[in-house]
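# Structural overview
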Amino acid sequence: MDDKASAGVSMDSRVAGVRRETAETTLNLRKKSRPGENVIQGFLLFCGVLSMFTTIGIVLVLGNESLHFFTNDNVSITEFLTGTQWSPQIGQFGILPLLLATLVTSFIAMLVALPLGLGAAIYLSEYASPRARKILKPVLEVLAGVPTIVYGYFALTFMTPLLQSIFGKDTVNIYNMAAAGLVMGIMILPLVCSMSEDALSAVPRSLREGAYGLGATRLETATKIVVPAGLSGIIAAFVVAISRAVGETMIVAVAAGAGPNFTLNPFASAETMTGHIARISGGDLSYDSIDYNSIFAIGMLLFLLTLVLNMGSRRLVRRFREVYE
Amino acid sequence: MTTQDRYTLNARNMSVFYGSFKAINSVNLDIERNKITALIGPSGCGKSTVLRSFNRMNDLVPSARVEGEVIFHNQNLYAPHVDAVEVRRRIGMVFQKPNPFPKSIYDNIAFGPRISGWKGSKTEMDDLVEHSLRNAALWDDVKDKLKASGLALSGGQQQRLCIARALAVEPEVILMDEPCSALDPISTLKIEELMMELKQRYTIVIVTHNMQQAARASDYTAFFLMNAERAGEIVEYGPTGDLFTNPKDKRTEDYITGRFG
Ligand SMILES: Nc1ncnc2c1ncn2[C@@H]1O[C@H](COP(=O)(O)OP(=O)(O)O)[C@@H](O)[C@H]1O
Ligand SMILES: [Mg+2]
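Residue positions are given per chain, counting from 1 as you read along its sequence in written order. Chains and ligands are labelled sequentially in the order written, the chains with letters from A and the ligands with numbers from 1. For a predicted model such as this one, the threshold for reporting local features is a pLDDT of at least 70, and the threshold for listing and counting side-chain atom pairs is 80 or more; totals across whole chains, interfaces and linings nevertheless cover every residue. To obtain the side-chain values, all non-hydrogen atoms of the structure were used and water was disregarded.

### Considering helix α5 (residues 122-135) of chain B
All names here are of chain B.
- Segments assigned H or I by DSSP are reported as helices when at least four residues long, segments assigned E as strands when at least two residues long, and all are numbered from the N terminus. Working rule for helices: expected span equals 1.5 Å times residues minus one. In this model α5 runs 20 Å from its N-terminal to its C-terminal C-alpha over 14 residues, within 8% of the 20 Å that 1.5 Å per residue would give.
- Listed in full, the buried residues belonging to α5 are Met125, Leu128, Val129, Ser132, Leu133 and Asn135. Projection of α5 onto a plane perpendicular to its axis shows the buried side chains occupying an angular sector of 160°, all on one side.
- Contacts are assigned to residue pairs with any non-hydrogen atoms lying within 4.5 Å of each other. The secondary structure elements touched by the buried residues of α5 are α4 (105-115), α6 (139-142), α7 (155-168) and α8 (185-198).
- Positioned one or two residues after α5, Ala137 has a phi angle of 55°, which is positive. Each residue is assigned to one of three classes by its accessible area relative to the maximum for its type, calculated with a 1.4 Å probe on protein chains only: buried under 20%, partly exposed between the two thresholds, exposed over 50%. Throughout, the arc means that of the directions going from the helix axis to the C-beta atoms.

Dropping the structure here:
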C-alpha cells in the first residue's frame with residue numbers, strides 16, 4: 001500500500017516537471033532495478049573470462065603435449081635447447097637451427113619495420129598536413145590488411161630476384177632468410193607506424209608549443225620532446241611488432257626455405273620455428289608420433305619467447321617512461 | 001632608429017586571420033622596452049592571437065595568416081626571409097597552463113640552451129641552470145631535487161619552472177598568456193613579484209583577464225574588444241594608471257568598472 005502511494009507521488013512530480021520545492025512530494029531514492037545494465041555487465045564479464053580461459057587452455061595443451069615430448073620420447077630439455085641439429089628422422093631434436101632462423105628473419109624484419117615505421121609515424125603526426133594524413137593513414141591500413149600469403153609470394157617472386165640481381169645468383173639462394181625478413185618488415189611496418197602514431201598524437205599539444213616557444217625546430221621538437229614523451233607507446237608498438245615477426249608463418253614458410261639450417265648467413269635458406277610447424281603439421285602426422293609432439297614443444301618455446309618479450313618490455317617501459325600529466 | 005631604441009616591438013596595422021575569419025583587425029601597438037605591457041579584454045577578443053603573433057607562434061596553426069608588420073630590431077618579423085625559429089629564441093613564451101616537459105627539472109631548463117647550440121661545459125650548464133632557477137625565484141624550492149621530474153612540482157612552481165626555462169635561452173622579450181589563470185592567489189602574487197624583477201632585464205607582454213592583475217603589475221595596458229564583425233581591435237592603449245583611473249573611452253570605463261564583459 002505504502003509503496004504504491006509513494007510511487008504515485010514520485011510519478012506526479014515527474015509529470016509536473018521540476019517542482020522539487022513543493023513540500024508534499026517525497027524524494028524517491030529507492031534502488032531501481034536496471035536489467036539492461038546487468039545483462040550487459042554479465043556479457044562483458046563473459047567475454048573477459050572467455051578470452052582468459054582460452055589462453056589458459058592453450059597453455060595447458062601446449063604444456064601437456066610438450067611434456068609428452070620430453071618424457072616419453074627420450075629427448076632431454078638440455079638437448080632440445082642446446083642441440084644444433086634438428087633431424088627428427090635420426091632422433092636429433094636441437095631447437096637452435098630453427099630458433100636462429102626465427103631470430104635472423106625477425107631481426108631483418110625489425111631493421112626494416114622499426115626505423116621506417118617510427119619515421120613514418122613521426123612524419124604523420126608532426127609534419128603531415130591534415131589532408132596528407134587523411135589520405136596516408138587509410139593507405140597504411142590497407143597495407144596491413146594484405147594476406148600474408150601474398151607477402152610470401154611477393155618475397156619469393158620479387159624480393160629474392162631483386163637480391164639475386166644485386167648480390168649475385170651464387171650468393172643468394174632461391175629460398176633465403178633475407179628476402180623473407182625484408183618482406184616481413186614491410187608487412188609489419190604499418191602496424192609499427194599506426195601504433196607509434198597513436199602514441200605520438202597522444203602527446204599533449206602544449207608540450208610541442210612549449211618546445212617551439214623556446215626556439216626548437218620541428219625536428220628537435222619531434223625527436224627531443226614528442227618521441228620521448230610517447231616512448232612507452234612506441235616501445236609497446238615495437239614489442240607487438242617483434243612478437244608479430246617471431247610468430248609470422250606464411251612468409252617464412254613460402255620464402256625462407258624448407259629445412260632446418262644452422263646458419264647466420266641471411267642469404268642461405270633456413271627454416272624458422274613457425275615455418276617448421278607449418279610444414280610438419282601440413283603432412284600426415286599420426287598423433288603420438290614424436291614429430292607430432294615435437295611441434296608442441298616448439299610452440300611452447302615460441303609462446304615463452306613472446307611472453308618474455310612482453311614482460312621485459314613492460315619493465316623497460318616503466319623505466320624509461322616520461323609521464324605527462 | 002629612435003622608436004626601436006625605446007620600443008622592443010611595434011605592431012603596424014597588424015591583422016590576423018584564421019582561414020577567412022578575421023580575428024584581429026589592424027592593431028597598432030608599441031611595446032616599450034623593459035616595461036610590462038598588459039593586454040586585457042573579454043575572452044575571445046583576440047588577446048592570445050595578438051600575443052602569439054609577436055613570436056610567430058601562430059605559424060603552427062595551419063589556417064592562421066598575419067597581415068601588416070611586427071617590427072623587432074628594425075626588421076619585420078613577417079618578412080619572407082625571417083626564420084620563425086630564430087624569432088622564438090629571442091621572444092620567449094609562457095603559456096596559460098604550466099607545461100613543463102616530462103623530464104627532470106634540470107633537463108627542462110637545459111633544453112633551450114642545448115637546442116640553440118650550447119657549447120659550454122657541464123659546470124657552466126650547472127651554473128646556467130642555477131642562475132635561471134634563481135631568476136625565476138625557484139632555486140630554493142628545487143635545489144635539492146634537480147633530478148626530479150618537473151611534473152612533480154606544484155602548479156605555481158611548474159609555472160615558475162616554465163619561466164626559468166624561457167629565461168635560460170636569454171630572450172629579449174617574454175610573452176605570457178594568462179600565466180596565473182591556473183594558479184592560486186599566493187602563487188599568482190609570486191609570479192607578479194617575479195615579473196617586477198624580470199622587467200629590469202626583459203620586456204614583458206602579459207595577457208590577463210584579471211583586471212586587478214593588470215592594474216597591479218603592468219606599466220602599460222591595451223584594452224581589446226571585438227568590433228561588429230567579431231574581429232578584435234584596440235579600444236584604448238596607454239599607461240596603466242591613466243587607463244584605469246581616467247579612461248578616455250566609455251567602453252573602457254564600462255569594462256574596468258565591471259559593467260560588461
Ligand atoms: N586556432 C584557431 N583556429 C580558428 N580560430 C581561432 C583559433 N584560435 C583562436 N581563434 C578565434 O580567434 C578569436 C580570438 O581568440 P583568442 O585570441 O584565443 O582570444 P582571447 O585570448 O582573447 O580569449 C576567437 O574568435 C577564436 O575563436
Ligand atoms: Mg586567450
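Following the structure, the description resumes.
### Considerations on helix α10 (residues 231-247) of chain A
- With 17 residues, α10 of chain A should reach 24 Å at 1.5 Å per residue; the first-to-last C-alpha distance of 24 Å fits that figure.
- Restricting attention to buried positions, one finds in α10 of chain A the residues Ile234, Ile235, Ala237, Phe238, Val239, Ala241, Ser243, Ala245 and Val246 of chain A.

### Some details on the environment of Thr221 of chain B
Residue and element names in this part refer to chain B.
- Relative to the helices and strands, Thr221 is located in strand β9 (residues 220-226).
- For Thr221, a relative accessible area of 0% translates into the label buried.
- Measuring from C-alpha to C-alpha, the distance between Thr221 and Leu194 comes to 19 Å, with 27 residues separating the pair along the chain.
- Excluding residues that lie within four positions of it along the chain, Thr221 makes contacts with Ala38, Ile40, Glu236, Tyr237, Gly238, Thr240, Leu243 and Phe244.

### A look at the site of ligand 1
Residue and element names in this part refer to chain B.
- Working definition: residue near molecule or strand if any one of its non-hydrogen atoms lies within 4 Å of it. Every residue near ligand 1 is listed here: Tyr18, Phe21, Ala23, Ser43, Gly44, Cys45, Gly46, Lys47, Ser48, Thr49 and Val61.
- Separating an oxygen atom of ligand 1 from a backbone N or O atom of Gly46 is a distance of 3.0 Å.
- Within 3.5 Å is the distance limit for a polar contact, defined as a pair of N or O atoms, with the added protein rule that one can donate a hydrogen and the other accept it, and that residues adjacent in sequence qualify only through two side-chain atoms. Take Thr49: an N or O atom from its side chain is 2.4 Å from an oxygen atom of ligand 1.
- Using a 1.4 Å probe, the Shrake-Rupley method yields the accessible areas, and only the shown protein chains count as cover for residues. Computed on the free molecule, ligand 1 has an accessible area of 560 Å², of which 64% lies beneath the protein chains in the complex.
- Those elements that place two or more of their residues in the shell around ligand 1 are β2 (21-32) and α2 (47-53).
- Examining the composition of the shell around ligand 1, we find that three residues originate from one element, α2, more than from any other.

Keep in mind that these numbers describe shape and distance, not what the molecule does.
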